[in-house]
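Summary of the model geometry
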Amino acid sequence: MGRVVFVSAGPGAADLITLRGARRLAEAQVVLFDALTDPALREFAPQALWVDVGKRGFCHSTGQATIDALLVRHARQHEVVVRLKGGDASVFGRLEEELQALAAAGIACEVVPGVTAAIAAAAHTQRPLTRRGTAGRGGRSVSLTTAMTRQGQLQAGRHADTEVFYMAGRQLGALGRALLRVGWPQDTPVCVVSRAGWPDALASEHTLAGLAGAALLHAGRPTVVTVGTGAAPVAAAPRTPSSAQALPVAAAGRAPAAA
Ligand SMILES: C[S@@+](CC[C@H](N)C(=O)[O-])C[C@H]1O[C@@H](n2cnc3c(N)ncnc32)[C@H](O)[C@@H]1O
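Computed from a prediction, not measured in an experiment: that's the story for all the values here.

Things to note about the site of the ligand
Lining the immediate surroundings of the ligand are 25 residues, of which Gly87, Thr116, Ala117, Ala196 and Pro222 lie closest. Those elements giving two or more residues to the shell around the ligand turn out to be helix H4 (117–125), strand S10 (190–194) and strand S12 (223–228). Tallied by class, residues from the shell around the ligand come to 12 nonpolar, 10 polar and three charged. Among the domains, domain 1 (3–112) and domain 2 (117–250) are the pair contributing at least three residues each to the shell around the ligand.

Given below as structure tokens:
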């Protein structure tokens, strides 16, 4: 009986994986990987059999029960099986279901943490998710939220000073309206980042009322929406030429001049 290591790949380019994650890949005989992981990660485990169990949003190319069964089967045949997940495995990654399936089969597991999309987006835009007191706005709490229910309906709330929404890229206009309805002020800063952590990451800033204007720019790309204090620019931060290049925040609906 082998063990399963859940390795968080990070949300973008292969170098966002942790050292520990890369070491576990090098030990693996089998790697079951998700759609949003960088193919360049294969270089860390050329010895392994790579199995695509990719799924995106609510369209699953491989059902969860099939993935659970594959994990159990491979762990019974191999010493180290890596389950490679995009971003951090613990954030909207179906980790609970897979841990349960492996526990039921008596298979040992390890979870290697990683960079989640919200954190990569904050790094890309140089907009810290927590603040010590910016312009009278609180910055003490952050919530990672999916606005989508299991039934595919959109539900929004107001739980923290900064809320980062996952899996809402196709419903940006509806998300903006829902947030206004639950009491977020019209002038709340909103930042939308797609493909955070990749060389072609894009960011744009909006008001809640104008959030629908981000749809075209980020269409078809994995996207997070940061709302509240953490979406505001750091007003006094000096911009070196290199940091300015690393901050392609586009005006609403327009692609940045230089990435
Ligand atoms: C199933 S969730 C997986 C989240 C992942 N476990 C994480 O920690 O980032 C997929 C959603 O994460 C977000 N996402 C994943 N990668 C992203 C990226 N590079 N840039 C922006 N958003 C991303 C999108 O909202 C996407 O719909």
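On we go from here.
What to know about the environment of Ala212
Within the secondary structure, Ala212 is located in the loop between strand S11 (202–206) and helix H6 (215–218). As for Ala212 and Leu175, which are separated by 37 residues in sequence, their C-alpha atoms are 8.5 Å apart. Beyond its immediate sequence surroundings of up to four residues, Ala212 is in contact with Leu172, Gly173 and Gly176.

Notes on the sheet that holds strand S1 (residues 3–8)
Spatial ordering of the open sheet is given by S3-S2-S6-S1-S7, a layout of five strands whose pairing is parallel. Edge positions in the open sheet fall to strand S3 (49–52) and strand S7 (108–112), since each of these has one partner strand only. Across this sheet, the average inter-strand angle for adjacent strands is 20°, counted without regard to direction. Relative to S7, S1 is paired through five bridges, and the arrangement is parallel. Bridged to Arg3 within S7 is Ala108. Most of the contacts of helix H1 (residues 19–27) go to S1, to which it runs at about 140°, and overall it touches S1, strand S2 (30–33), strand S6 (80–85) and S7.

Conventions and cut-offs
Residues numbered from 1 in each chain as written. Predicted model: local features only at pLDDT ≥ 70, side-chain atom pairs only at ≥ 80, totals over all residues. Near = placed C-beta within 6 Å. Helix = DSSP H or I, 4+ residues; strand = E, 2+ residues; numbered from the N terminus. Nonpolar A, V, L, I, M, F, W, Y, C, P; charged D, E, K, R; others polar. Domains from an automatic or database assignment. Contact = placed C-beta atoms within 7 Å. Pairing = 2+ DSSP bridges. Axes fitted to C-alpha atoms, helices over the stretch in contact; angles between N-to-C directions.

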